[in-house]
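Chain by chain, the residues run as shown.
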Amino acid sequence: MNQESVYAQAVEWRRWLHSHPEVSTEEFRTQAFVAEVLEKHGIPYRTYGTGVIATVGTGERCVALRADMDALRVTEQTGLPFASEHEGVMHACGHDMHMAMLLGAAVSLKACEAELGGTVKLVFQPSEEKRPGGARLLLPHVMEPPVPRAIFGQHVSPELPVGTIGIREGAFFASSDNIIFAVEGKGTHAAMPHLGSDPILASAALIQYYQTIVTKCRDPFEPAVLSITSIHGGTANNVIPDRVEVKGTVRTHNDALRHRIFDLIHEKSPAICDLYGCRFVPDMPWNGLPPLVNTPEWVEAVRHAAEGVVRVTDSAPLTLGEDFAIYLERLPGAFWTLGVCPPEQREMPPLHNPRMAPDERALPLGVELLVGVCREAIFF
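These notes cover the structure that comes with them. Just so we're clear, the structure is a prediction, and the values are computed from it rather than from any experiment.

Bringing the overall build of the chain into the picture now. The secondary structure content of the chain amounts to 9 helices and 16 strands. In terms of overall dimensions, the chain is globule-like: its C-alpha atoms have a radius of gyration of 23 Å, near the 21 Å expected for 380 residues. Seen through its C-alpha atoms, the chain measures out along the principal axes to roughly 80 × 45 × 40 Å. Here the chain holds 380 residues, and 54% of them are scored as buried.

Moving on: the packing of helix α5 (residues 199-216) against helix α6 (residues 255-275). Relative orientation of the contacting elements α5 and α6 amounts to 150°, with a least axis distance of 10 Å. If you check the angle between α5 and α6, you find them roughly antiparallel. For the element pair α5 and α6, the recorded crossing hand is right-handed. Residues Ala205, Leu206, Tyr209, Tyr210, Ile213 and Val214 of α5 form the contact with α6, whose participating residues are Ile261, Leu264, Ile265, Lys268, Ser269, Ile272 and Cys273. Of the residues in the contact of α5 with α6, the class split is 11 nonpolar, 1 polar and 1 charged.

What follows is about the sheet that holds strand β5 (residues 150-161). Spatial ordering of the open sheet is given by β1-β2-β4-β3-β5-β16-β6-β15, a layout of 8 strands whose pairing is mixed. Here the strands that pair on one side only, and so sit at the sheet edges, are β1 (45-48) and β15 (311-314). Each strand axis lies, on average, 25° off the axis of its neighbour in the sheet, ignoring direction. This element, helix α3 (residues 95-111), spans β2 (51-57), β3 (62-68), β4 (119-125), β5 and β16 (333-341) of the sheet and lies at about 150° to β3. This element, helix α4 (residues 135-142), spans β1, β2 and β4 of the sheet and lies at about 160° to β4.

Among the secondary structure elements, cysteine 93 is positioned in the loop between β3 and α3. The exposure class of cysteine 93 is buried, given its relative accessible area of 6%. Separated by 285 residues in the primary sequence, cysteine 93 and isoleucine 378 have C-alpha atoms spaced 30 Å apart. When near neighbours in sequence (up to four residues on either side) are disregarded, cysteine 93 contacts Leu72, His98, Glu129, His155, Val156, Leu351, His352 and Met356.

Under the counting rule described, the total for this entry stands at 0 disulfides. In this structure cysteine 217 is a free cysteine whose sulfur lies 17 Å from that of cysteine 273, the closest cysteine sulfur available. Overall, cysteine 217 belongs to the partly exposed group, its relative accessible area being 37%.

Following the sequence through the fold, serine 315 ends up in the loop between β15 and α8 (324-330). When its relative accessible area of 14% is taken as the criterion, serine 315 is described as buried. In contact with serine 315, not counting residues within four places along its chain, are Gly166, Ile167, Arg168 and Phe172.

With that settled, the discussion passes to the nonpolar core. Judged by nonpolar contacts, the single largest core of 63 residues is most densely connected at Leu65, Leu122, Phe124 and Phe152. With 11 residues, the single largest contributor to this core is helix α9 (residues 362-379). Of all hydrophobic cores here, the second largest spans 24 residues; its members include Tyr209, Ile213, Val250 and Phe262.

Our next topic: the pattern of salt bridges. The final tally for this structure, using the stated rule, is 17 salt bridges. The shortest N-O distance in the salt bridge between arginine 258 and aspartate 177 comes to 2.7 Å. With arginine 258 in helix α6 and aspartate 177 in strand β8 (residues 177-184), this pair connects stretches of sequence that are 81 residues apart. The pair arginine 258 / aspartate 177 is uniform in exposure class, with both members buried. The shortest N-O distance in the salt bridge between arginine 258 and aspartate 255 comes to 3.0 Å. A residue pair is termed a helical-turn pair when its members lie 3 or 4 positions apart in one helix, as arginine 258 and aspartate 255 do in helix α6 at 3 residues. Classification of arginine 258 as buried rests on a relative accessible area of 6%. Owing to a relative accessible area of 31%, aspartate 255 belongs among the partly exposed residues under this scheme. One continuous salt-bridge network, built from bridges that share partners, spans Arg14, Arg15, Asp96 and Glu360.

On to the packing of aromatic side chains, then. According to the stated counting rule, one finds 9 aromatic pairs in the structure shown. Joined through ring pairs, the aromatic side chains of Phe172, Phe173, Phe324, Tyr327 and Phe335 make up one cluster.

Let's shift gears to the side chain of serine 175. Here serine 175 shows up in the loop between β7 (170-171) and β8. Using a relative accessible area of 0% as the deciding quantity, one classes serine 175 as buried. When sequence neighbours within four positions are dropped, the list of residues in contact with serine 175 reads Val250, Arg251, Thr252, Arg258, Leu289, Pro290 and Pro291.

Here α6 is 21 residues long and its end C-alpha atoms lie 31 Å apart, about the 30 Å a rise of 1.5 Å per residue gives. The largest bend in α6 is about 35°, located at lysine 268, with the proline proline 270 one to four residues further on. Looking at α6, one finds that the buried residues are Leu257, Arg258, Ile261, Phe262, Leu264, Ile265, Ser269, Ile272 and Cys273. Elements in contact with the buried residues of α6: β8, α5, β10 (224-233), β12 (243-252) and β13 (279-282). The backbone nitrogen of alanine 256 has a side-chain oxygen 2.8 Å away, supplied by the residue at the start of α6, namely asparagine 254.

Basis of the calculations
- Residues numbered from 1 in each chain as written.
- Predicted model: local features only at pLDDT ≥ 70, side-chain atom pairs only at ≥ 80, totals over all residues.
- Heavy atoms only, no water.
- Helix = DSSP H or I, 4+ residues; strand = E, 2+ residues; numbered from the N terminus.
- Rg over C-alpha atoms; globule rule 2.2 N^0.38 Å.
- Buried < 20%, exposed > 50% of the residue type's maximum accessible area, 1.4 Å probe, protein only.
- Axes fitted to C-alpha atoms, helices over the stretch in contact; angles between N-to-C directions.
- Parallel < 35°, antiparallel > 145°, perpendicular 65-115°, else oblique.
- Left-handed = near helix turned anticlockwise from the far one by under 90°.
- Contact = heavy atoms within 4.5 Å.
- Nonpolar A, V, L, I, M, F, W, Y, C, P; charged D, E, K, R; others polar.
- Pairing = 2+ DSSP bridges.
- Disulfide = S-S within 2.5 Å.
- Core = buried A, V, L, I, M, F, W, Y, C linked by side-chain atoms within 4.5 Å.
- Salt bridge = Lys/Arg side-chain N within 4 Å of Asp/Glu carboxyl O.
- Phe/Tyr/Trp six-rings, centres within 6.5 Å; stacked < 30°, edge-to-face > 60°.
- Expected span 1.5 Å × (residues − 1).
- Bend = angle between axes of the 7 residues up to and from the residue.
- Polar contact = N/O pair within 3.5 Å; in protein donor to acceptor, adjacent residues only side chain to side chain.

The following block contains the structure:
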């Protein structure tokens, strides 16, 4: 199959995948589709849960490429002729693009397998959108011999025009951790608050304290975000409830700061609640994603492979989370963002938006870049 045919196939694969989205841990039909394409082109693979790891080439010198597979619980509003056939589920984060490009790279690499000089592992990973992340499921299998000397991945970016990628050395994507807890008090009539203890008031005090963690307990030159996004408690205007449930998120590019924030949350929260006669009840141990930290030498390899394919821009740090970070804790490698905004437009809907529709002209560029990075990394 020549390259033009591969690119045309990538569009078809993407459209099928877009029409048949599946959420985290439920990527059964997606897995079967990926396996069918691999089998058709004689590419061996193994399945792990709903994930797939395929291999092209032979030898101990090994690199890995990764694409994620899961969709989101979003009702699509793109109006595309190949829009989601599953009501309330959509590939609103571009994972359909990621899989199509990795399949295109797999077929391209298979065609020149004898010239590779090593092994390429093709990692189709489920559950990127669901914490603690599907990367933790596949990492032990990625690390089986031959162990990759580097791992690479890409993510579509509506902020960048087609023909452009964004990359940076060091911390790129942020850590992503959940804050989930309850505050338990003693419910009573709102007109007689002295007979109870108010978990709403205690929750408000906690939230105010959490904001001081990021404003007063960190170096102001270190980025960090702590956002409380959900508060549920009470059912009537004249009743102080027994319990309030709270959720939020923490993002930072510094792993030490990440741990310090949660140390302060767990150290101070019980005492703050006690001031109001209430009890702090953590829902679960926090176990999110570390910062995604690119290896400088492999960022340089990506830049070299991108010459003549796309324009490379120096990206600012992002506050998005990405479980590719799990691989980079164990392996060197690099992750970049691939522009999918039509060049003739100034902007397009962002990731996770029901109208997010990547420009398919990015597909051949993503395929070519993955192949080029592989060749560069094997001989680097």
